[in-house]
Amino acid sequence: MRQTQQQIRSTQKVVRETNATVQELTSDINRVLARSAVFDDVVLQLQENQQLMQANFNEFQRNFAEHQRTLSEYRRDFIEHQRTTSAAFNSLEAIDLRLIKIIGRGQN
């Protein structure tokens with residue numbers, strides 16, 4: 001009987017130790033799963049941010065290309081404006097020279 005009680009106590013001790021080990025493992029697993037869930041959320045957020053940044057970058061590239069086209073148009077328009085302004089000044093200069101000659105003849 002003593003031997004049986006001792007075996008029972010020994011078995012109970014082993015069961016308690018095993019139970020404590022199982023509880024530690026369960027606690028560790030729960031911590032790992034919680035961290036995994038957090039990491040999954042972080043990875044998901046990073047993926048969403050990366051997609052948003054890529055979309056913003058693509059929009060920036062489109063806007064930059066459009067601004068470059070617009071700038072080229074403004075440059076062409078400016079050059080044309082300079083050309084027509086120069087032509088107008090040349091015409092005015094020619095008119096002024098004719099007027100000066102006409103006025104000069106009239107005074108003689």
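A few points on the structure. (Residues numbered from 1 in each chain as written. Predicted model: local features only at pLDDT ≥ 70, side-chain atom pairs only at ≥ 80, totals over all residues. Heavy atoms only, no water.)

With that settled, consider the overall build of the protein. Helix and strand content of the protein: 1 helix and 0 strands. Relative to the 2.2 N^0.38 estimate, which gives 13 Å for 108 residues, the radius of gyration of the protein is 46 Å and therefore markedly larger than a compact globule would have. Relative to its full complement of 108 residues, the protein shows a buried share of 0%. Accessible area of the protein: about 10300 Å², with a carbon and sulfur share of 58%. With 14 positive and 13 negative side-chain charges, the protein shows a separation of 5 Å between the mean positions of the two kinds. (Helix = DSSP H or I, 4+ residues; strand = E, 2+ residues; numbered from the N terminus. Rg over C-alpha atoms; globule rule 2.2 N^0.38 Å. Buried < 20%, exposed > 50% of the residue type's maximum accessible area, 1.4 Å probe, protein only. Areas by Shrake-Rupley, 256 points an atom, 1.4 Å probe, with all protein chains shown as cover. Lys, Arg positive; Asp, Glu negative; His and termini not counted. Charge placed at Lys NZ, Arg CZ, Asp CG, Glu CD.)

Below, the discussion takes up the pattern of salt bridges. Taken as a whole and assessed by the stated rule, the structure comprises 4 salt bridges. Salt-bridge contacts for Arg31 lead to Asp28; the nearest nitrogen and oxygen are separated by 2.2 Å. Placement of both Arg31 and Asp28 in helix α1 (residues 2–107) is noted, with a separation of 3 residues, approximately one turn of the helix. Looking at Arg31, the relative accessible area reads 43%, which means it is partly exposed. Residue Asp28 is classed as partly exposed on the basis of its relative accessible area, which comes to 33%. Salt-bridge contacts for Arg83 lead to Glu80; the nearest nitrogen and oxygen are separated by 2.5 Å. (Salt bridge = Lys/Arg side-chain N within 4 Å of Asp/Glu carboxyl O.)

Here we take up a nonpolar patch on the surface. On the surface, Phe89, Leu92, Ile95, Leu99, Ile102 and Ile103 cluster together into a nonpolar patch covering about 600 Å² of accessible area. Looking at the secondary structure, you find Leu99 in helix α1. The class for Leu99 is partly exposed, based on a relative accessible area of 43%. (Patch = residues over 30% accessible without salt bridge, like charges linked within 9 Å, V, L, I, M, F, W, Y side chains within 5 Å.)

On to the environment of Arg16. For Arg16, the location among the structural elements is in helix α1. Distance in space between the C-alpha atoms of Arg16 and Glu80 is 94 Å, their sequence separation being 64 residues.

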